[in-house]
Amino acid sequence: MSQSLTDRPLPAGPASASRRDFFKRVGFGLGVATLASTVAACDSTDGEMTDDGVVLDFSNDFGVLNYAYALEQLEAAFYATVVGSASFSSTFTSDEQSVLQDLAAHEAIHRDFFRAAILGANGTPIPGLTTNFDAVDFGDRASVLGTAQVFEDLGVSAYNGAGRYIQNPTYLTLAGKIVSVEARHASVVAGLLEDNAIAADGQINSSGLDKATPPGMVLSAASAFIEDEIEVRNA
Amino acid sequence: MTQLFEDLSGLADATTSRRAALRKGAGIGLAAAAASIPFLKPGRAYAQSTDGDFGILNYALTLEYLERSFYRQALATGFIPGDVTPLFQTIENDEAQHVLFLRSAINGAGGTPVQYTDDDFSFDGFLGDFASIATLAQGLEDTGVRAYKGQAASIMNKDYLTAALQIHSVEARHAAAIRRLSASPAGQGWIERDQPGAPAPIAAVYAAGMGDMFPSEDNVTQGGVDLTAALSGYTRAEITEAFDEPLDMDSVLGIAGPFITGDEGDGEED
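(A) Fine view of the overall build of chain A. In terms of regular secondary structure, chain A is built from eight helices and three strands. In chain A, the succession of helices and strands from N to C terminus is α-α-β-β-α-α-α-α-α-α-β. Within chain A, the fraction of its 235 residues that count as buried is 58%. Nonlocal contacts in chain A, meaning residues at least 24 apart in sequence, comprise 75% of its contacts between residues at least 6 apart.

Pasting the structure below:
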C-alpha cells in the first residue's frame, strides 16, 4: 500500500546553509498542522509496506527515521517482556530491576516519539513489527542481560552507521540525543555483566571508536528477533 | 557554518581576557572564559579549512587532551580505589586513543592539529579525594557527550561525522560508567532532568546553553512538541532521561576553559 501524498525527495547532498535555515523555519512537525503541509510539499516516500514486507529507503529521511523506529520497536518490545515476566522480581536484584524498568521506559519513549515524529512531519510510520524472543530465557539473568547487551550495542552501532544518511540537521541532532542514551544503556548493561566493563569485547576498537554498522548488517542481525521482512534501499 | 565562524573569530582575539579569567582559579562554571580558548588561532587549524570541519575536529581534540590529562593526573593521585581502577584505566586509554585518532585525522586531511601536553591542564580542587575525582569525571564526560552532539549537524564531511559519532557514543559509555559509581538507585547511568542534585561544581554541565537549540538536560520538547503532553504513560523524569541534549561551543568552553592553564603548541606531544 502506498501512503505517499507526493513523491518529491528531499534535496540530496550535504546540508547547505539555505537548507538549514529552511528547516529551522519549518521545524520538526509533531502534529503542527501548518508544518505538516509544508513538509509534505517537500517530501513523502518513507517506510512502506509491500506484499513482501517493509522497505526502508535511505535516500529519504523518513526511511532513516523508520529504521530507527523499527529498532526502537524491537528494544521496547524486549524490555516490556523482561519487566512483564512473572519471574522478573526473582531473577534480578532491586537495583537491576530499577535499571531494567528505566530501559523499558526509555525505549518505549523512543518508539512512541519516532512514530509521533514521523506522523507529525506527514510521513508514514511503518506498522508495528512482530517480534520473536523465543531464544531468550526471561527467567535467566545471563540470558536477559546478554540479549540486552546485544540489542544496546546493536542500537549504538546502528545510529552511528545511519548518521551519515540523515539529510535534515534537526533529525541528525535528534538521533544524537537518542544514541548517547543507548550508549549509556549499553555501558550500564555491560557493567552489570562484568565489573568495570563499558562494552562487550570488540565493540570499541583500538582507536577508541564505537562501531558504526551499515543498516543492512544491523537488520540482518536483528532479523533473528523480527518476523517481518525488512529491506533497506540506497544505503 | 556562519555561527561557527563567529565563534572562531571570537576566540581568536580573546587571549587577554582568557588570562584574566584563568587567574580566578580552576573550577567549572560558565565563566567569562567562555570564548577565550586559543586552540583555534588564525593561521593554524581552521584557516586551512574551507568548510570548518578542521575547526570542529580541533575543538574535539582539545577536549580529548583535557580528558586524557585529567585521567592521568587522577590515576597518579593514588586516590582511586583498586576495585574501580580498571575502569579509570580503560577510560584513560580511550581518551588517549581519541587524541591520537583526531591528530591523525587532521594531519591526514592536511590540517594542523592543536597540541597540548598533560601539564597544560590544571584540576586543582578536584584531585584531593576520590569523591572529587569522580564528580569531575562525571562532569567532564557529560560535557563531552553534549559537546560532540552539539557539533554533529555542523560537520560537513560524512566520514568525519561518522567518526565523531563513534567517539560520541564512547564518551556516553564513559559517562554512564562513571555515573554508576555514585548513582542512586545504584546502577543508573542516565541524566534525570537537569540533575538537581548535582554537586555544585558540576551543576552548570546540565544547564541550558546559548540559544533555543541548546536547552538544559531538563528539556522535554523534542522536535517542537512537548512530549509530556504528546506521549502518555511516562513520567517527566523518564522523558528527560531518554534524550541527552547538545551544548554549543561557547558554553562547553565556559565549562572546560578554566582547566586549560597552559599554552597550546609550546610543548612536545606526550
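Structure's up, so let's keep going.
(B) Representation of the overall build of chain B. Looking only at helices and strands, chain B has nine helices and two strands in total. Going from the N terminus to the C terminus, chain B shows its helices and strands as α-α-α-α-α-α-β-β-α-α-α. Here chain B holds 270 residues, and the buried ones make up 62% of them.

(C) View of the side chain of Glu 95 of chain B. All names here are of chain B. The topology assignment puts Glu 95 in helix H4 (residues 85-108). Among buried charged residues, Glu 95 stands out as having no salt bridge; its nearest opposite-charge side chain is Arg 68, 9.2 Å away. Polar contacts involving the side chain of Glu 95 include one to the side chain of His 174, which spans 3.2 Å.

(D) Fine view of the interface of chain A and chain B. Contacts between the two partners involve 55 residues from chain A and, on the opposite side, 59 residues from chain B. Between the two partners, chain A and chain B, sit six salt bridges. A salt bridge links Arg 164 of chain A to Asp 159 of chain B, with the nearest nitrogen and oxygen atoms 3.1 Å apart. Elements that contribute at least two residues to the side of chain A that touches chain B include exactly helix H5 (94-120), helix H6 (141-162) and helix H7 (169-193) of chain A. Take the side of chain A that touches chain B: its biggest share by element is 18 residues, from H7 of chain A. Partitioning the side of chain A that touches chain B into residue classes produces 27 nonpolar, 17 polar and 11 charged.

(E) Representation of unusual backbone geometry. All names here are of chain A. Even without glycine at this site, Asn 122 takes up a positive phi of about 70°. As for its position among the elements, Asn 122 is in the loop between H5 and H6. For Asn 122, a relative accessible area of 30% corresponds to the partly exposed category.

(F) Broad picture of helix H8 (residues 215-222) of chain A. Residues and elements named next belong to chain A. Within the sequence span of H8, burial applies to Pro 215, Val 218, Leu 219 and Ala 222. Down the axis of H8, the buried set is contained in an arc of 95°. They therefore lie on one face. Looking at the packing, one finds that the buried side of H8 touches strand E2 (53-57), helix H3 (61-84), H6 and strand E3 (230-233).

(G) Quick peek at the nonpolar core. Counting 130 residues, the largest nonpolar core has Tyr 67 and Phe 78 of chain A together with Phe 70 and Phe 123 of chain B as the members making the most contacts within it. Ignoring any residue separated from it by four or fewer positions in sequence, one finds Phe 70 of chain B in contact with Phe 123, Leu 127, Ile 133, Leu 136, Ala 137 and Leu 140 of chain B.

(H) Layout of H5 of chain A. Residue and element names in this part refer to chain A. Between its first and last C-alpha, H5 extends 38 Å over 27 residues, near the 39 Å set by a 1.5 Å rise per residue. Across the 27 residues that make up H5, a large majority, 19, are buried. Asn 122 occupies a position one or two residues after H5 and carries a positive phi of about 70°.

(I) Quick look at the pattern of salt bridges. Across all of its chains, the model carries 16 salt bridges over all chains by this definition. A salt bridge links Arg 193 of chain B to Asp 218 of chain B; its shortest N-O distance comes to 2.9 Å. Here Arg 193 of chain B, found in the loop between helix H6 (158-180) and strand E1 (221-222), pairs with Asp 218 of chain B, found in the loop between H6 and E1; they are 25 residues apart in sequence, far enough to count as distant. Residue class for Arg 193 of chain B comes out partly exposed when judged on its relative accessible area of 32%. With a relative accessible area of 15%, Asp 218 of chain B lands in the buried category. Each member of the salt-bridge network shares a partner with another, and the members are Arg 184 of chain A together with Asp 142, Arg 179 and Asp 244 of chain B.

(J) Just the packing of aromatic side chains, in detail. Enumeration over the complete set of coordinates arrives at 21 aromatic pairs over all chains. Taking the centre distance of 5.6 Å and the plane angle of 65° together, the rings of Phe 78 of chain A and Phe 133 of chain A count as edge-to-face. Residue Phe 78 of chain A is located in helix H3, and its partner Phe 133 of chain A is located in the loop between H5 and H6; the two are separated by 55 residues in the primary sequence. Ring geometry for Tyr 65 of chain B versus Tyr 116 of chain B: centroids 5.9 Å apart, planes at 70°, classification edge-to-face. With Tyr 65 of chain B in helix H3 (residues 53-77) and Tyr 116 of chain B in the loop between H4 and helix H5 (130-151), this pair connects stretches of sequence that are 51 residues apart. Tyr 116 of chain B shares its class with Tyr 65 of chain B; the two are buried. Each residue in the set Phe 70, Tyr 71, Phe 88, Phe 123, Phe 126, Phe 130 and Phe 259 of chain B is aromatic and connected to the rest through ring pairs, giving one cluster.

(K) Geometry of the confidence of the model for chain A. Mean pLDDT over chain A stands at 84; residues scoring 70 or higher make up 78%. In the model, residues 1-45 of chain A has pLDDT below 50 throughout and makes 82 contacts with residues more than four positions away in sequence or in other chains.

(L) Up close: the packing of H6 of chain A against H7 of chain A. All names here are of chain A. Contact geometry for H6 and H7: axes closest at 8 Å, N-to-C directions at 150°. Taken together, H6 and H7 sit at an angle that is classed as roughly antiparallel. Relative to H7, the crossing made by H6 is left-handed. Along the contact surface, H6 presents Arg 141, Leu 145, Gly 146, Ala 148, Gln 149, Glu 152, Asp 153, Val 156, Tyr 159 and Asn 160, while H7 presents Ala 175, Ile 178, Val 179, Glu 182, Ala 183, His 185, Ala 186, Val 189, Ala 190, Leu 192 and Leu 193. Classifying every residue of the contact of H6 with H7 by side-chain character gives 13 nonpolar, four polar and four charged.

Calculation rules
Residues numbered from 1 in each chain as written. Chains lettered and ligands numbered in written order. Predicted model: local features only at pLDDT ≥ 70, side-chain atom pairs only at ≥ 80, totals over all residues. Heavy atoms only, no water. Helix = DSSP H or I, 4+ residues; strand = E, 2+ residues; numbered from the N terminus. Buried < 20%, exposed > 50% of the residue type's maximum accessible area, 1.4 Å probe, protein only. Contact = heavy atoms within 4.5 Å. Lys, Arg positive; Asp, Glu negative; His and termini not counted. Salt bridge = Lys/Arg side-chain N within 4 Å of Asp/Glu carboxyl O. Polar contact = N/O pair within 3.5 Å; in protein donor to acceptor, adjacent residues only side chain to side chain. Nonpolar A, V, L, I, M, F, W, Y, C, P; charged D, E, K, R; others polar. Arc of directions from axis to C-beta. Core = buried A, V, L, I, M, F, W, Y, C linked by side-chain atoms within 4.5 Å. Expected span 1.5 Å × (residues − 1). Phe/Tyr/Trp six-rings, centres within 6.5 Å; stacked < 30°, edge-to-face > 60°. pLDDT = per-residue confidence, 0-100. Axes fitted to C-alpha atoms, helices over the stretch in contact; angles between N-to-C directions. Parallel < 35°, antiparallel > 145°, perpendicular 65-115°, else oblique. Left-handed = near helix turned anticlockwise from the far one by under 90°.

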